Amino acid sequence: MKHLSIAPLGALVLALAAVSPALAQQKSVAVTAIVEHPALDAVRDGVQAALKDAGFEAGKNLKWQYQSAQGNTGTAAQIARKFIGDQPDAIVAIATPSAQAVVAATKAVPVVFSAVTDPVAAKLLASWEPGKGNVTGVSDLLALDKQMQLLRQVVPNAKRVGIVYNPGEANSMVVVKQLQKLLPTLGLTLVEAAAPRSVDVGSAARSLVGKVDVIYTNTDNNVVSAYEALVKVGQDAKIPMVAADTDSVKRGAVAAYGINYRDLGEQTGRMVARILNGEKPGNIKPEVSTKLELFVNPGAAQRQGVKLPDALLKAAAQIVE
Amino acid sequence: MSLFSLLGAIEIGLIFSLVALGVFISFRLLRFPDLTVDGSFPLGGAVCAVLISSGTNPWLATLAATAAGAAAGVLTGWLNVKLRIMDLLASILVMIALYSVNLRIMGGPNVPLINDATLFTLLQPEGMPDYVARPLILAAIVLLAKLAMDWFFSTERGLAIRATGSNARMARAQGVNTGAMVLLGMAVSNGLVGLGGALFVQTQGGADISMGIGTIVIGLAAVIVGESLLPSRRIVHATLAVVLGAVVYRFFIAAALNSEFIGLKAQDLNLVTAVLVAVALVLPQLKNKLARRKPR
């Protein structure tokens, strides 16, 4: 052995020594997400806003920290350990992989998950009933039956429903499996097209042309990030697009009866506030999104070859021009 | 930095040191640029998670995961040696194919393992908290892997693998079957990576299809950091350096996660990590320069 270089280690020790000051009597919340993207960021901001409304203001009487794993599960694991070591009053974990990393690493620190579609399948919870554990949260499970009603209002003669999704996304697979069960009971059939990367979304949509009467999209990260590619196909082939998130309507979907992720975050934040005020997470019933909004886009409808019924226009929370 | 976060860095560093040992074999000993690891790491995780959640003994599941990783390595080697596909391309082909294979094995993008028995719950001594037990168990496993590797690469067959990597033509002239050595080396390399994947899912609450992304970058960074901390040509020191590199790399991440006090935000994490690793790489050179300036 020649020599052990101690210089980098020295720099490291210095960095580690600078522990952030811990303030007594102050509540603390640590938030982590697997990746940064607009919907998940909206959840985070919603949590912060709701906590402020409940009297916990970041920087004043609340120690707030946020870490993103930048899409890397190894980093997610390490963030989980850092947070548990900091012993905050609650950890908010956004999306399935982050939530699993935190829940696997602690049985003591309260954990509130958010934007997890199926927390029971992800084994974050044993059931949807309040349990004994340290975990509760808010799911972004879609009210699929209501969305299918909307789809039938937009395209009354629809028989075949296309869906573009990423088979590598847990949240999307939950939706596809539910649709496979739900659609036959409504006299509809599901036609699937897989898009493992966001650049595949356009070609997956083109593969549906001639096979479907309408294309439905859930909140799949790949699809949402490349929604324009889908809209182009819809316009060229006159296939209407119905989405599950309201932002996609602004980008060219005909209609969406969807979750507003900011509201989902606020709902999560109110749950966190209850824990900060002394409630046990195990006593709080896990929730699904309560606030769904209808957005319609008559211009997109015209371009995609359908006319929206007046009833739908009247019921809409927002009409995108 | 808290004790929990410190032990967490060691724990995850030790897991990734198995990946780094695998990468060391392919990149350094075999000189085979191998991106298979981005697929064989989640492959090991997928096999292990599915077996454990269907009730298989965790030891057996971990062993199967190691074998699956080795098989992936053999496939890459075979594409290269027998079908004469360029090494880098062969590994990329196997890596992207494994994405689909992993989805098939897992039957979906995510297999949770939160309340199942794992190697770690089986081996955890009574009364010892899990966050202490896990790094200790991992240290033992990694030590065993390191010693086995030291031994293997000093046997005749191991030396033949190293000869194949440093000068294939010469090795063939000495009667070494270089094709078989590439296959064997790739099997050992990806077997270690598959083992790493299996241990990762058992500490992380489950396997996720996204867990492979960037594995090769982490592995390479660990090898390079290790080599700059402890430069040596001897295999015994080199493997120690690689393990050390993987753990130190995780300390860099932990430091980056704890760097909010200087105004850094979550989106700067990758940048901070890159800068810290770059500093670690440059410092030994600076020290050499300073040392040379001293009067002899």
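Residues numbered from 1 in each chain as written. Chains lettered and ligands numbered in written order. Predicted model: local features only at pLDDT ≥ 70, side-chain atom pairs only at ≥ 80, totals over all residues. Heavy atoms only, no water.

J.: Describe the pattern of salt bridges, with residues and values.
T.: Residues and elements named next belong to chain A. Overall, the coordinates contain 20 salt bridges over all chains when judged by the stated rule. A salt bridge links Glu266 to Arg262, with the nearest nitrogen and oxygen atoms 3.2 Å apart. Of the two residues, Glu266 and Arg262 both sit in helix 11 (residues 261–276), four residues apart, roughly one turn of that helix. Classification of Arg262 as partly exposed rests on a relative accessible area of 35%. (Salt bridge = Lys/Arg side-chain N within 4 Å of Asp/Glu carboxyl O. Helix = DSSP H or I, 4+ residues; strand = E, 2+ residues; numbered from the N terminus. Buried < 20%, exposed > 50% of the residue type's maximum accessible area, 1.4 Å probe, protein only.)

J.: So what about a nonpolar patch on the surface? Which residues, and what values?
T.: A cluster of nonpolar side chains, namely Met86, Leu88, Leu89, Leu93 and Ile96 of chain B, defines an oily patch on the protein surface of about 440 Å² accessible area. Summarising the element assignment, Ile96 of chain B is placed in helix 4 (residues 87–106). (Patch = residues over 30% accessible without salt bridge, like charges linked within 9 Å, V, L, I, M, F, W, Y side chains within 5 Å. Areas by Shrake-Rupley, 256 points an atom, 1.4 Å probe, with all protein chains shown as cover.)

J.: Tell me about unusual backbone geometry, residues and numbers included.
T.: Positive phi outside glycine occurs at Ala115 of chain A, with the angle close to 55°. A relative accessible area of 2% places Ala115 of chain A in the buried class. A positive phi angle is found at Arg31 of chain B, which is not glycine, with a value near 55°. Assignment of secondary structure puts Arg31 of chain B in the loop between helix 1 (3–29) and helix 2 (37–53). Note on Arg31 of chain B: relative accessible area 52%, which makes it exposed.

J.: Give a detailed account of helix 10 (residues 215–229) of chain B, specifying residues and quantitative values.
T.: With 15 residues, helix 10 of chain B ought to run about 21 Å at 1.5 Å a step, and its terminal C-alpha atoms sit 21 Å apart, in line with that. All of the buried residues in helix 10 of chain B are Thr215, Ile216, Ile218, Gly219, Ala221, Ala222, Val223, Val225, Gly226, Ser228 and Leu229 of chain B. (Expected span 1.5 Å × (residues − 1).)

J.: Explain the sheet that holds strand 4 (residues 111–116) of chain A to me, and be specific about the residues and the numbers.
T.: Residues and elements named next belong to chain A. Read from one edge to the other, the open sheet built from six strands follows the order 2-1-3-4-5-11, with strand pairing classed as parallel. Whereas interior strands pair on both sides, the edge strands pair on one side only; in this sheet they are strand 2 (62–68) and strand 11 (287–288). Relative to strand 11, strand 5 (residues 135–139) runs parallel, the two sharing two bridges. Each residue of the ladder has a partner; that of Ser139, found in strand 11, is Val288. Along the sheet, helix 11 contacts strand 1 (27–33), strand 2, strand 3 (90–94), strand 4, strand 5 and strand 11; its crossing angle with strand 4, the most-contacted strand, is approximately 170°. (Pairing = 2+ DSSP bridges. Contact = heavy atoms within 4.5 Å. Axes fitted to C-alpha atoms, helices over the stretch in contact; angles between N-to-C directions.)

J.: For the pairing of strand 10 (residues 255–259) of chain A, give the residues involved together with the corresponding values.
T.: Residues and elements named next belong to chain A. Burial within strand 10 is extensive, with four of its five residues counted as buried. Looking at chain direction, strand 9 (residues 241–245) and strand 10 are connected through three bridges and run parallel. Residue pairing in the sheet places Asp245 in a bridge with Ile259 of strand 10. Here five bridges tie strand 10 to strand 12 (residues 292–296), and the two strands are oriented antiparallel to one another. Looking at strand 12, one finds that Ile259 is bridged to Leu292.

J.: Could you give me a rundown of helix 6 (residues 130–152) of chain B, with the residues and numbers involved?
T.: Spanning 23 residues, helix 6 of chain B covers 32 Å between terminal C-alpha atoms, matching the ideal 33 Å at 1.5 Å per step. Within helix 6 of chain B the residues assigned to the buried category are Ala133, Arg134, Pro135, Ile137, Leu138, Ile141, Val142, Ala145, Lys146, Met149, Asp150 and Phe152 of chain B. On the buried face of helix 6 of chain B, the contacting elements are helix 3 (73–86) of chain A together with helix 1, helix 5 (119–123), helix 7 (156–166), helix 9 (178–204) and helix 11 (235–257) of chain B.

J.: Before we move on, can you summarise the UniProt feature "transmembrane region" (unreviewed entry) in chain B with the specific residues and values?
T.: All names here are of chain B. The sites that UniProt annotates as "transmembrane region" (unreviewed entry) are residues 6–30, 59–81, 88–106, 131–153, 179–201, 207–226, 238–257 and 269–286. Structurally, residues 131–153 is divided into 96% helix and 0% strand, and its ends, taken at the C-alpha atoms, are 33 Å apart. Counting secondary structure, residues 179–201 comes out at 100% helix and 0% strand; the distance between its end C-alpha atoms is 33 Å. (UniProt positions renumbered as here; feature names shortened; annotations may be inferred.)

J.: Any details on the packing of aromatic side chains? Residues and values, ideally.
T.: Tallying each qualifying case throughout the model produces five aromatic pairs over all chains. Plain terms: the ring middles of Phe4 of chain B and Tyr131 of chain B are 4.7 Å apart, the flat faces sit at 45° to each other, and that makes the pair tilted. Of this pair, Phe4 of chain B sits in helix 1 while Tyr131 of chain B is found in helix 6, placing the two residues 127 residues apart along the sequence. What makes Tyr131 of chain B partly exposed here is its relative accessible area of 25%. Consider the rings of Phe152 of chain B and Phe153 of chain B, whose centres lie 5.1 Å apart with planes at 80°: the pair is edge-to-face. The positively charged end of Arg44 of chain A is found above the aromatic ring belonging to Tyr66 of chain A, 4.5 Å away from the centroid. (Phe/Tyr/Trp six-rings, centres within 6.5 Å; stacked < 30°, edge-to-face > 60°. Lys NZ or Arg CZ within 6 Å of the ring centre and 35° of its normal.)

J.: I'd like a rundown of the confidence of the model for chain A, residues and numbers included.
T.: All names here are of chain A. Looking at chain A, pLDDT values average 89 and 92% of them are 70 or higher. Mean pLDDT in chain A bottoms out at helix 1 (residues 7–17), which sits at 48, and peaks at strand 3, which reaches 97. Confidence drops under pLDDT 50 across residues 9–24; counting only partners more than four residues distant or on other chains, this segment forms 12 contacts. (pLDDT = per-residue confidence, 0-100.)

J.: With reference to specific residues and values, describe the interface of chain B and chain A.
T.: Each partner contributes to the interface: chain B provides 54 residues, whereas chain A provides 53 residues. When the buried area of chain B at its contact with chain A is split by residue, Phe4, Ile114 and Leu257 of chain B rank highest and sum to 13% of it. The interface formed by chain B and chain A includes two salt bridges. Between Glu11 of chain B and Arg81 of chain A there is a salt bridge; the shortest N-O distance is 2.7 Å. Counting across the chain B and chain A interface gives five residue pairs in polar contact (both at pLDDT 80 or more). Among the secondary structure elements, those contributing two or more residues to the side of chain B that touches chain A are helix 1, helix 4, strand 1 (110–112), helix 9, helix 10, helix 11 and helix 12 (269–293) of chain B. The element that contributes the greatest number of residues to the side of chain B that touches chain A is helix 11 of chain B, accounting for 10 residues. For the side of chain B that touches chain A, the residue count by class is 32 nonpolar, 15 polar and seven charged. (Buried area = accessible area lost by both parts, 1.4 Å probe. Polar contact = N/O pair within 3.5 Å; in protein donor to acceptor, adjacent residues only side chain to side chain. Nonpolar A, V, L, I, M, F, W, Y, C, P; charged D, E, K, R; others polar.)

J.: Could you give me a rundown of the confidence of the model for chain B, with the residues and numbers involved?
T.: Detailed conclusions should not be drawn from predicted coordinates in areas where pLDDT is low. Residue and element names in this part refer to chain B. Across chain B, pLDDT averages 93, with 99% of residues at or above 70. Highest mean pLDDT in chain B belongs to helix 3 (residues 58–81) (98); lowest belongs to helix 12 (81). For this predicted complex, the interface confidence comes out at an ipTM of 0.85, alongside a pTM of 0.87.

J.: I'd love a proper account of the side chain of Glu293 of chain A, names of residues and values included.
T.: With respect to the helices and strands, Glu293 of chain A occurs in strand 12. Excluding anything up to four places from it in sequence, Glu293 of chain A contacts Thr246, Ala256, Tyr257, Gly258, Asn260, Asp263 and Ala317 of chain A.

J.: Provide a residue-level description of the environment of Leu113 of chain B, including the pertinent values.
T.: All names here are of chain B. Considering the arrangement of structural elements, one finds Leu113 in the loop between strand 1 and helix 5. Residue class for Leu113 comes out buried when judged on its relative accessible area of 4%. Separated by 90 residues in the primary sequence, Leu113 and Thr203 place their C-alpha atoms 8.8 Å from one another. Apart from residues lying up to four places away in sequence, Leu113 is in contact with Ala49, Ile52, Ser53, Val201, Gln202, Gly205 and Gly206.

J.: Could you give me a rundown of the sheet that holds strand 10 of chain A, with the residues and numbers involved?
T.: Residue and element names in this part refer to chain A. Read across the sheet, seven strands follow the order 7-6-8-9-10-12-13 without closing on themselves; strand pairing throughout is mixed. Strands with a single pairing partner mark the edges of an open sheet, and in this sheet they are strand 7 (189–194) and strand 13 (318–319). As defined by bridge partners, strand 8 (residues 214–217) adjoins strand 9 across three bridges and the pair is classed as parallel. Pairing of Tyr216 across the sheet is with Val242, part of strand 9. Across the face of the sheet, helix 9 (residues 227–237) comes into contact with strand 6 (160–165), strand 8 and strand 9 while running at roughly 155° to strand 9.

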